[in-house]
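Here's the letter readout for the chains.
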Amino acid sequence: MKDIPTWIDEYHKGSRFGLNGKVLLKKNSKYQEILIIETDCYGKALMLDGCWMTSLRDEKYYHECLVHPALSSIDKKSHILIIGGGDGGTARECLKYSQVAKIDLVEIDEEVINVSKTFLQEIGSEAWNDKRLSIHIDDGVKWVEKTNDNFYDVIFIDCSDPSEFSNLLFTDSFYRECKRILTKKGILATQSESPESFKDIHIHILKSLNKIFKLSKTMYSFVPIYPSGIWSWTFASEEELNLSKLYYKEVMRIEKDCDVWNLNFQNAAFQMMPNKIVKELNSKNDQ
Ligand code: SPD
């Protein structure tokens, strides 16, 4: 089985999203089925419980969009929390900022980290050896609950789609807890699913964050291997979100080191909300 190229599909609501490749690893962790696939077009890729998570060729579309809008726009960014993010891509992007002093990466499934370190080294890259990164194998919801008030400058939620064991990461009570442990000017940055293939949960996330935080903004771009391709990231804060405004020297350095993100790309991406989402968010019935 391992050496035969075949189509590997994510099945989603009557559609399938597939890549041709060879299965390099198939195992069950305590939480999920883990597949590593050597794909023909996207390099090595990670699939969890039948859902594409990341690939060497397209991971920057996702990780750069999750991290840089938040970190390029916030003054104080010494303490960072990453919930999920077991492939290391989010940590790698955060560590590009010299001001980042400490990252707690809280991943529930140790096996995801192990297979990522073994098969997807390019994604986590030097982050795995950086002394600023502390890895905790723990439940993100419990971690947040036991954290003191006003502790983190930025929280990144780099989670899978809602499922039996990730559902709580999409609840109002969890977002409220995140707000509690953020510093006064802190930012919550979360992947917020697809306005097309995950429209209901997308709307739910945006409405919840809009209700719980003073400000929230959503950007849209694409992650080629995810269902429908179009994806979103939402940023929420109690203070003014300076997204797209600051232009520090360090930001210019980071732009040079990115494949996807730059300030022009970001400015456009924050204007890309599909009109049906605008209308649904504005509809009185759903308030
Ligand atoms: N449909 C897949 C959504 C997964 C989002 N997280 C991906 C993890 C990449 N670090």
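## Side note on the overall build of the chain
Right, on to step 1. From N to C terminus, the chain includes 10 helices and 12 strands.
Right, on to step 2. Scaling as 2.2 N^0.38, a compact globule of 287 residues should have a C-alpha radius of gyration of about 19 Å, and the chain matches this with 18 Å.
Right, on to step 3. Here the chain holds 287 residues, and 54% of them are scored as buried.
Right, on to step 4. Of all intrachain contacts in the chain linking residues separated by at least 6 positions in sequence, the fraction that spans at least 24 positions is 66%.
Right, on to step 5. Total accessible area on the chain stands at roughly 13100 Å², and carbon and sulfur atoms take up 49% of it.
Right, on to step 6. On the chain, the mean spot of the 37 positive side-chain charges and the mean spot of the 43 negative ones are 4 Å from each other.

## Quick notes on unusual backbone geometry
Right, on to step 1. Of note, the phi angle at Glu-193 is positive, near 65 degrees, even though the residue is not glycine.
Right, on to step 2. The topology assignment puts Glu-193 in the loop between strand E10 (182-191) and helix H7 (199-212).
Right, on to step 3. Unusually for a residue other than glycine, Ser-228 sits at a positive phi of about 80 degrees.
Right, on to step 4. Residue position: Ser-228 is located in the loop between strand E11 (215-222) and strand E12 (230-237).

## Concerning the site of the ligand
Right, on to step 1. Surrounding the ligand, one finds Trp-52, Met-53, Tyr-62, His-63, Asp-87, Asp-158, Cys-159, Asp-161, Gln-191, Tyr-226 and Trp-231.
Right, on to step 2. One of the side-chain nitrogen or oxygen atoms of His-63 is found 2.7 Å away from a nitrogen atom of the ligand.
Right, on to step 3. Side-chain polar atom of Asp-161 to a nitrogen atom of the ligand: 2.9 Å apart, as the coordinates give it.
Right, on to step 4. Its atoms largely coinciding with the cavity grid, the ligand occupies the largest pocket.
Right, on to step 5. Of all the elements in the fold, those that place two or more residues in the shell around the ligand are strand E5 (51-55) and helix H1 (59-71).
Right, on to step 6. Residue composition of the shell around the ligand, by class: six nonpolar, two polar and three charged.

## A short note on the sheet that holds strand E3 (residues 33-39)
Right, on to step 1. Read from one edge to the other, the open sheet built from five strands follows the order E1-E2-E3-E4-E5, with strand pairing classed as antiparallel. Single-partner strands in this sheet number two, and they are strand E1 (6-12) and E5. Taking the axes of each pair of neighbouring strands and ignoring which way they run, one obtains an average angle of 50 degrees across the sheet.
Right, on to step 2. Where strand E4 (residues 43-48) and E5 come together, four bridges link them in antiparallel fashion.

## Points about the environment of Lys-249
Right, on to step 1. Structurally, Lys-249 is set in helix H8 (residues 249-256).
Right, on to step 2. Judged by its relative accessible area of 75%, Lys-249 falls in the exposed class.
Right, on to step 3. Distance in space between the C-alpha atoms of Lys-249 and Val-23 is 43 Å, their sequence separation being 226 residues.

## Some words on the domain arrangement of the chain
Right, on to step 1. Each assigned domain of the chain is listed with its residue range as follows: domain 1 (6-55) and domain 2 (59-281).
Right, on to step 2. A straight line from the C-alpha centre of domain 1 to that of domain 2 covers 22 Å.
Right, on to step 3. Taken together, the contacts link 23 residues of domain 1 with 22 residues of domain 2.
Right, on to step 4. The junction of domain 1 with domain 2 conceals about 2100 Å² of combined surface from both sides, 68% of it contributed by carbon and sulfur atoms.
Right, on to step 5. Interface area lost by domain 1 to domain 2 is led by Tyr-31, Met-53 and Thr-54, which between them contribute 25%.
Right, on to step 6. The interface formed by domain 1 and domain 2 holds one salt bridge in total.
Right, on to step 7. Among the salt bridges present, the one from Glu-111 reaches Lys-27, with a minimum N-O distance of 2.8 Å.
Right, on to step 8. Between domain 1 and domain 2 we count seven residue pairs in polar contact (both at pLDDT 80 or more) in total.
Right, on to step 9. Where the side of domain 1 that touches domain 2 is concerned, the elements lending two or more residues are E1, strand E2 (15-28), E3, E4 and E5.
Right, on to step 10. Tallied by class, residues from the side of domain 1 that touches domain 2 come to 14 nonpolar, five polar and four charged.

## A word on the sheet that holds strand E8 (residues 133-137)
Right, on to step 1. With mixed pairing, the seven strands of this open sheet are ordered in space as E8-E7-E6-E9-E10-E12-E11. Each edge of the sheet is formed by a strand with only one pairing partner; in this case those strands are E8 and E11. With direction set aside, neighbouring strand axes in the sheet form an average angle of 15 degrees.
Right, on to step 2. Pairing of strand E6 (residues 79-84) with strand E7 (residues 102-107) involves five bridges; the strand directions are parallel. Paired with Ile-82 across the two strands is Leu-105, which belongs to E7.
Right, on to step 3. Against the sheet, helix H3 (residues 110-119) contacts E7 and E8, and its axis sits at roughly 135 degrees relative to E8.
Right, on to step 4. Packing of H7 onto the sheet brings it into contact with E10, E11 and E12, and relative to E11 it is tilted by some 155 degrees.

Basis of the calculations
- Residues numbered from 1 in each chain as written.
- Predicted model: local features only at pLDDT ≥ 70, side-chain atom pairs only at ≥ 80, totals over all residues.
- Heavy atoms only, no water.
- Helix = DSSP H or I, 4+ residues; strand = E, 2+ residues; numbered from the N terminus.
- Rg over C-alpha atoms; globule rule 2.2 N^0.38 Å.
- Buried < 20%, exposed > 50% of the residue type's maximum accessible area, 1.4 Å probe, protein only.
- Contact = heavy atoms within 4.5 Å.
- Areas by Shrake-Rupley, 256 points an atom, 1.4 Å probe, with all protein chains shown as cover.
- Lys, Arg positive; Asp, Glu negative; His and termini not counted.
- Charge placed at Lys NZ, Arg CZ, Asp CG, Glu CD.
- Near = heavy atom within 4 Å.
- Polar contact = N/O pair within 3.5 Å; in protein donor to acceptor, adjacent residues only side chain to side chain.
- 1 Å grid on protein atoms, 1.4 Å probe; cavity = no way out; pocket = protein on both sides within 12 Å on 5 of 7 lines; lining within 4 Å.
- Sits in = over half its atoms within 2 Å of the grid points.
- Nonpolar A, V, L, I, M, F, W, Y, C, P; charged D, E, K, R; others polar.
- Pairing = 2+ DSSP bridges.
- Axes fitted to C-alpha atoms, helices over the stretch in contact; angles between N-to-C directions.
- Domains from an automatic or database assignment.
- Buried area = accessible area lost by both parts, 1.4 Å probe.
- Salt bridge = Lys/Arg side-chain N within 4 Å of Asp/Glu carboxyl O.

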